[in-house]
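Residues per chain are reported as follows:
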Amino acid sequence: MEFLTFDKDICTLCGQCVDVCPFGALKIEKQGITVGDTCRMCGLCVRQCPEKAIHFEQKANEVDKEQWKDFLIFAEQEQQEIHPVVFELIGEAGKLAKKAGYQVNCVIAGGEGTQANARRLLQYGVHRVYVYEDKNLEYFRADCYTDVVADCIAATRPSSVLIGATELGRSLAPRLSTRFHTGLTADCTQLDIKENSDMIQIRPAFGGNIMAQIAIAKSRPQFATVRYRVMDRAQKVEEPKGEVIVCPVNEKMLSSRIEVLSSEILEKKKSLEEEEIIVVAGRGAQSEIGVSLCRKLAQALGGQLAFTRPMVENGYGDTAHQIGLSGRTVRPKLIITCGVSGAIQFTSCMNQSECIVAINQNPEAQIFKTAHYCITDDLYQVVPRLTELAVRRKEEEKDGLSL
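Residue numbering note: each chain is counted from 1, following its sequence as written. A pLDDT threshold of at least 70 governs which residues receive local features in this predicted model, and a stricter bar of 80 or more applies before side-chain atom pairs are shown or counted, although totals over entire chains, interfaces and linings include all residues. The basis for the side-chain values is all heavy atoms of the structure; hydrogens and waters are excluded.

Q: Residues and numbers for the pairing of strand S19 (residues 334–338), please.
A: Counting buried positions over the five residues of S19 gives four, a clear majority of the element. Bridge count for strand S17 (residues 277–281) against S19 is five bridges, and the pairing is parallel. Each bridged residue has a counterpart across the sheet, and for valine 280 the counterpart in S19 is threonine 337. Being paired, for any two strands, means DSSP has found at least two bridges between them. The helix and strand labels rest on DSSP assignments: H or I over at least four residues marks a helix, E over at least two residues marks a strand, and numbering proceeds from the N terminus. In the sheet, S19 pairs with strand S20 (residues 355–359) via five bridges, with the strands oriented parallel. The residue bridging isoleucine 335 from the neighbouring strand is isoleucine 356, located in S20. Burial here depends on accessible area, computed with a 1.4 Å probe over protein chains only, as a share of the maximum for the residue type. Under 20% is buried, over 50% is exposed, and the range in between is partly exposed.

Q: Got a sec to walk through helix H4 (residues 114–122)? Specific residues and values, please.
A: Of all the residues in H4, the buried ones are Thr114, Asn117, Ala118, Leu121 and Leu122. The arc enclosing the buried residues of H4, seen along the axis, measures out at 160°, which places them on a common side. This arc corresponds to the set of directions leading from the helix axis out to the C-beta atoms.

Q: Give a detailed account of the nonpolar core, specifying residues and quantitative values.
A: By nonpolar core we mean a set of buried residues, namely Ala, Val, Leu, Ile, Met, Phe, Trp, Tyr and Cys, connected to one another through side-chain atoms within 4.5 Å. Judged by nonpolar contacts, the single largest core of 34 residues is most densely connected at Phe71, Ile73, Ile90, Leu121, Val129 and Leu162. Ranked by residues supplied to this core, first place goes to helix H3 (residues 84–100) with eight residues. If we ignore the near neighbours within four places in the chain, the residues touching valine 129 are Cys106, Ile108, Ala118, Leu121, Leu122, Glu243, Val244 and Ile245. With 26 residues, the next largest nonpolar core counts Phe74, Tyr132, Leu172 and Ala173 among its residues. Two residues qualify as a contact provided that any one of their heavy atoms is within 4.5 Å of a heavy atom in the partner residue.

Q: How would you sum up the sheet that holds strand S16 (residues 243–246)? Please name residues and give values.
A: What the seven strands build is an open sheet, ordered S11-S15-S10-S5-S8-S9-S16; its pairing is parallel. Among the strands making up the open sheet, the edge pair consists of strand S11 (184–188) and S16. The mean angle between the axes of side-by-side strands here comes to 20°, regardless of whether they run parallel or antiparallel. Bridge analysis of strand S10 (residues 160–164) against strand S15 (residues 222–226) gives five bridges, and the strand direction is parallel. Fitted lines through C-alpha atoms give the axes, limited to the stretch in contact for helices. The angle between two N-to-C directions lies from 0 to 180 degrees.

Q: So what's going on with helix H6 (residues 167–179)? Which residues, and what values?
A: Every helix has an expected span of 1.5 Å times one less than the residues it contains. End to end, H6 covers 19 Å across 13 residues, agreeing with the expected 18 Å (1.5 Å per residue, within 8%). When H6 is considered as a whole, its buried residues turn out to be Leu168, Gly169, Ser171, Leu172, Ala173, Leu176, Ser177 and Arg179. Buried residues along H6 sit against strand S5 (71–74), helix H5 (142–156), S10, S11 and S15. With its phi angle positive at about 55°, histidine 181 sits one or two positions after the end of H6.

Q: Help me get a handle on the sheet that holds strand S14 (residues 210–214), residues and values and all.
A: Spatially, S12-S13-S14 is the arrangement adopted by the three strands of the open sheet, whose pairing is antiparallel. The open sheet has two free edges, formed respectively by strand S12 (190–193) and S14, since each of these has just one partner strand. Within the sheet, the average angular offset between the axes of one strand and its neighbour, ignoring direction, is 25°. Two strands pair when backbone bridges link them, and S12 and strand S13 (residues 199–205) are joined in this way by four bridges, in the antiparallel orientation. Opposite isoleucine 193, over in S13, you have methionine 199 as the bridge partner. Each of S12 and S13 touches H3; the most contacted strand, S12, lies at about 15° to it.

Q: Account for unusual backbone geometry, with residues named and values stated.
A: Of the consecutive residues arginine 220 and proline 221, the connecting peptide bond is found in the cis state with omega at 0°. Along the chain, proline 221 falls in the loop between S14 and S15. Its identity is not glycine, yet aspartate 70 carries a phi of approximately 75°, on the positive side. In this structure, aspartate 70 sits in the loop between strand S4 (54–59) and S5. Notably, arginine 157 is not glycine yet its phi reads approximately 50°, a positive angle. Position of arginine 157 among the secondary structure elements: in the loop between H5 and S10. The class for arginine 157 is partly exposed, based on a relative accessible area of 38%.

Q: Can you explain the packing of aromatic side chains? Please cite residues and give values.
A: How two aromatic rings sit relative to each other is given by the distance of their centres and the angle of their planes. Note on aromatic contacts: the rings of Phe and Tyr and the six-membered ring of Trp form a pair at centre separations within 6.5 Å, being stacked when their planes are under 30 degrees apart, edge-to-face when over 60 apart, and tilted otherwise. Taken as a whole, this structure holds five aromatic pairs when the rule is applied. Seen from their ring centres, phenylalanine 71 and tyrosine 102 are 6.1 Å apart, and the 65° between their planes marks the pair as edge-to-face. One end of the pair, phenylalanine 71, is in strand S5; the other, tyrosine 102, is in the loop between H3 and strand S8 (104–110), and 31 residues separate them in sequence. For the pair phenylalanine 71 and tyrosine 102, a shared accessibility class is recorded, and that class is buried. An angle of 50° between the planes, with centres 4.7 Å apart, marks the rings of phenylalanine 87 and tyrosine 124 as tilted. Of this pair, phenylalanine 87 sits in helix H3 while tyrosine 124 sits in the loop between H4 and strand S9 (128–133), and the two are 37 residues apart along the sequence. Judged by its relative accessible area of 2%, phenylalanine 87 falls in the buried class. By the ring-pair criterion, three or more aromatic residues cluster together here, those being Phe74, Phe140 and Tyr145.

Q: Any chance you could break down the pairing of S9 for me, citing the residues and the numbers?
A: As judged from the six bridges shared by S8 and S9, these two strands associate in the parallel manner. What sits directly across from cysteine 106, in S9, is valine 129. In terms of strand pairing, S9 meets S16 through four bridges, oriented parallel. The partner of tyrosine 130 across the bridge, within S16, is isoleucine 245.

Q: Can you lay out the side chain of serine 160 for me, pointing to particular residues and giving the numbers?
A: The topology assignment puts serine 160 in strand S10. Accessibility expressed as a relative area gives 1% for serine 160, which makes it buried. With near-sequence residues (within four places) excluded, serine 160 lies in contact with Asp70, Phe71, Leu72, Met199 and Gln222.

Next comes the structure, spelled out in structure tokens:
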């Protein structure tokens, strides 16, 4: 995308736009004013031009796709550890790379220990890992990380860039796509690729009622953030052949308007996506009493309570514990649904669970087509009984250990 245009008939080449640009993106050359990759479209030059010769024009700019190849994955670190979503991105990129004849590369940034984590990534079949390690990158600052990853993208020219749809990823990805004047599809649940290297990015739209297929046909790179726990994790390879490339970190990359005054490591709570046992309260739970029964079962099993979208909308739960296309995607070892009808928006985000138990009074409920074990009965009768059995089993195990 080309956003800044200069009217050569009006522009006097006075240089005021060049002087006022805080990012050094504008230069006076023989053909007139040129715009570099560091332009962040702040609009300061537009407002300061005395001749009004500069304006924004959002127009697609077709690129030579042959000049942009391979996949680049941003390897996020969390408390000096690689975020699990990175291994899922590597696994999915590996599948797509085979179709396109591409390689899978990673870029990782952070403080001390980043190079060690980079070497870990090679075990999963990554071709190259570009490392930006500096003590000033220990904490995430959006402007610094954008400069670092943009430096790698400009040097390697990847066809597609995949980023985890985490809090950090959702902050970083739009800044990068804006920097390169290209498209970004957020919260993807599926990916595919065409022969012409266009990546098909599939994500829920209109409240999860449809699955939109999005392609960035003209611009490169193609940016996508991908939900955690929706892709298969990459497997380790027997003979890693990749290489770690240490990239220089300059003062410009570390220059930031954000100052970290202090930091505190919060106690990490297991997210719904990481949970191995989940009990879901659906519309059939009907009331606080029903929700309370489901919560007691979740506690007895040592898991978490989750909700369907209607239950969240009615105030029984929050979005952090909502399963569905407009909520979270989960893959627990055990999931018990209580009074859940089984709409596709829900089942598509939990159908990869190892064991699915469904409780519903309606023998024709859609959830029974997904469940491994189906209980056609009133949850108000079944759930307390299951809770009693779970508590008894826990006590028996405790007594066995005490002996």
